[in-house]
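# Results of the structural survey
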Amino acid sequence: MSLMGLDVGTTGCKAVAFDHDGKILASAYREYPLISPNQGWFELDSQRVWEDIKVCIREVAEATKNDPITAFSVSAQGEAVTPVDADGNFLANAIVSFDSRTAGLVPWWAEKVGRDKTFQTTGQPLASMFTALKLKWIQDNEPEIFKKTRYFLCFEELVYQRCGLEPVTDYTLAGRTMLFDVPGEKWSEELLGHIGLTPDNMPKAVPSGTVIGKISDEAAEQLGLPKGVVAVTGGHDQPCQILGAGVIEPRAAAYGIGTVECIAPSFSELILNDSMHKNNICCYHHAFPGLYIALVYNYSGGQLFRWVRDQLSSEEKRQAEQEKRDVYDVITSKAAQEPTSLLVLPHFTTTGVPHFDNHSRGAILGLTLDTTKGEIVRAILEGITYELRMCVDLLDESGVPIDILRATGGGAKSDYWLQIKADIMNRPVVVPAVSEAGSLGCAILAGVGTGVYKSAKEAVDHLVKIDREYLPNDSNAKRYGELLELYKEIYPANCSLFHRLAGQKA
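This text gives an overview of the structure that appears in the document. (Residues numbered from 1 in each chain as written. Predicted model: local features only at pLDDT ≥ 70, side-chain atom pairs only at ≥ 80, totals over all residues. Heavy atoms only, no water.)

### Let's talk about the packing of helix α17 (residues 437-449) against helix α18 (residues 456-463)
- Packing of α17 against α18 brings their axes to within 9 Å, and their N-to-C directions diverge by 135°. One finds that α17 runs oblique with respect to α18. Here α17 and α18 pass one another in a crossing that is right-handed. Each of Leu440, Ile444 and Val448 in α17 lies in contact with α18, whose residues at this interface are Ala456, Ala459, Val460 and Leu463. (Axes fitted to C-alpha atoms, helices over the stretch in contact; angles between N-to-C directions. Helix = DSSP H or I, 4+ residues; strand = E, 2+ residues; numbered from the N terminus. Parallel < 35°, antiparallel > 145°, perpendicular 65-115°, else oblique. Left-handed = near helix turned anticlockwise from the far one by under 90°. Contact = heavy atoms within 4.5 Å.)

### Remarks on the sheet that holds strand β18 (residues 292-298)
- In space, the 7 strands of this open sheet follow the order β17-β18-β16-β15-β21-β22-β23, with mixed pairing throughout. With one partner strand each, in any of the chains shown, β17 (282-285) and β23 (466-470) form the two edges of the open sheet. The sheet shows a mean angle of 30° between the axes of neighbouring strands, direction not considered.
- Where strand β16 (residues 261-267) meets β18, 5 bridges bridge the pair, whose relative direction is antiparallel. The residue bridging isoleucine 263 from the neighbouring strand is valine 296, located in β18.
- Running at roughly 55° to β23, helix α16 (residues 415-425) makes contact with β15 (252-257), β16, β21 (404-408), β22 (429-432) and β23 of the sheet. (Pairing = 2+ DSSP bridges.)

### A look at the packing of aromatic side chains
- According to the stated counting rule, one finds 15 aromatic pairs in the structure shown.
- When the ring of tyrosine 297 is compared with that of phenylalanine 356, the centres are 6.2 Å apart and the planes differ by 35°; the resulting orientation is tilted. Here phenylalanine 356 lies in the loop between β19 (343-345) and β20 (363-365) and tyrosine 297 lies in strand β18, a separation of 59 residues in the sequence.
- Take phenylalanine 356: its relative accessible area is 15%, and that puts it in the buried class.
- Plain terms: the ring middles of tryptophan 307 and phenylalanine 348 are 5.2 Å apart, the flat faces sit at 65° to each other, and that makes the pair edge-to-face. Of the two residues, tryptophan 307 sits in helix α12 (residues 302-312) while phenylalanine 348 sits in the loop between β19 and β20, which places them 41 residues apart along the sequence. (Phe/Tyr/Trp six-rings, centres within 6.5 Å; stacked < 30°, edge-to-face > 60°. Buried < 20%, exposed > 50% of the residue type's maximum accessible area, 1.4 Å probe, protein only.)

### Side note on the pairing of β18
- Of all 7 residues in β18, 7 are buried, a share of seventy percent or more.
- Of the two faces of β18, the one holding Tyr292, Ala294, Val296 and Asn298 and the one holding Ile293, Leu295 and Tyr297 are both buried throughout.
- With 4 bridges connecting them, β17 and β18 associate as antiparallel partners. Paired with cysteine 282 across the bridge in β18 is leucine 295.
- Joining the antiparallel neighbours β17 and β18 is a turn of 6 residues, in which glycine 290 adopts a positive phi near 85°.

Put into structure tokens, the structure is as follows:
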């Protein structure tokens, strides 16, 4: 018997089956394209995403016939939303997190609701990325679609709906909409009312690890799954990663190194203080019962490394194909091996914490005629990490100290990058034995929901083991600490210029 975790990300989906001891039995991945109908707009074709999800599930189901899947759970990117009619048809593409079309609605929400009330109710600082403003944009610009919509679904509940079940979400993913009353653990009628909606337009919200029901026989046949497979609520991708990385104690945090770079600590009380709000740090439910998390993140994370791959590394791609090696390993093998004197501001798309700026721009500072491509590649990875180190310092100021980081996601496979992170963070970075932490987190929830494990704590203790550790190099950490102070000056010194380049008023 096995448990399946399904992760629906911004640029791809993955299904992973685990046995009850946490061993990976099978996995499948599909990448799908981001659609950009206008500059700064980013969408996903929800039907294409669902087709790729089906392929992944079928592959994993076929590979686990000797250990059939009995239950599954879903982790999903936050904020992205699909309008669905009463017959279950998708009415439009899903607008993803870093789409900038909603930037102009932030002042409207601030006046209508207020920044402080938004934060105290939802645990989310007001920003254009959240689902609430995407729904307002649809109401204003696509009124016919808005009127026809029965449910507005994020990708977790969309999967359950496609499996013949009631579209149910969990507290963690609901918490990413900026419409969920986090202290009250319910949809906010008041906030929904500002965009002409009621809780009836949203999926039912329950804790992570709640059994929804058995998938329909039709869905089982379509997906190649056994009849009677149980669906259990999962969560937003970050809380699921945190759970799968074993971050269920104070002063530890998961470091998700995927399309988006994200650091997420856990703690036992809902923290909604002024420092968190001022620095745009959210606070909402953990997938582990009774705990909460904070998030600091930057959207130009793994996707910026992909940009390096696609725009700067044609030679490395050819070499990787010829030698049957991972292209990122080839790229880093040719990158500088010591700290650089370059500073890269990784604002290649909408920024995350603390700025939430749709109009900032990326920058590389310190170039000379002696600069090599290898130095530029390393500097880009350093810049992504500087941005997150700055955020870790802000967490500390807000009363959420971090002593150790647990790396998860695709980037956790790179020894080269993890050592850079340990040096810049000046903290140990450890890697769990199962790098697919988000999928493992879902499998834990599926197992707890169906009685395979007595509790999430028992499951984490049994399944999550540490594989390797990266300790800061003292001399590198000292050099990076000096450069970090310069890095912190880049955005404030250039913000006005970036906005003018973007065609905005300074």
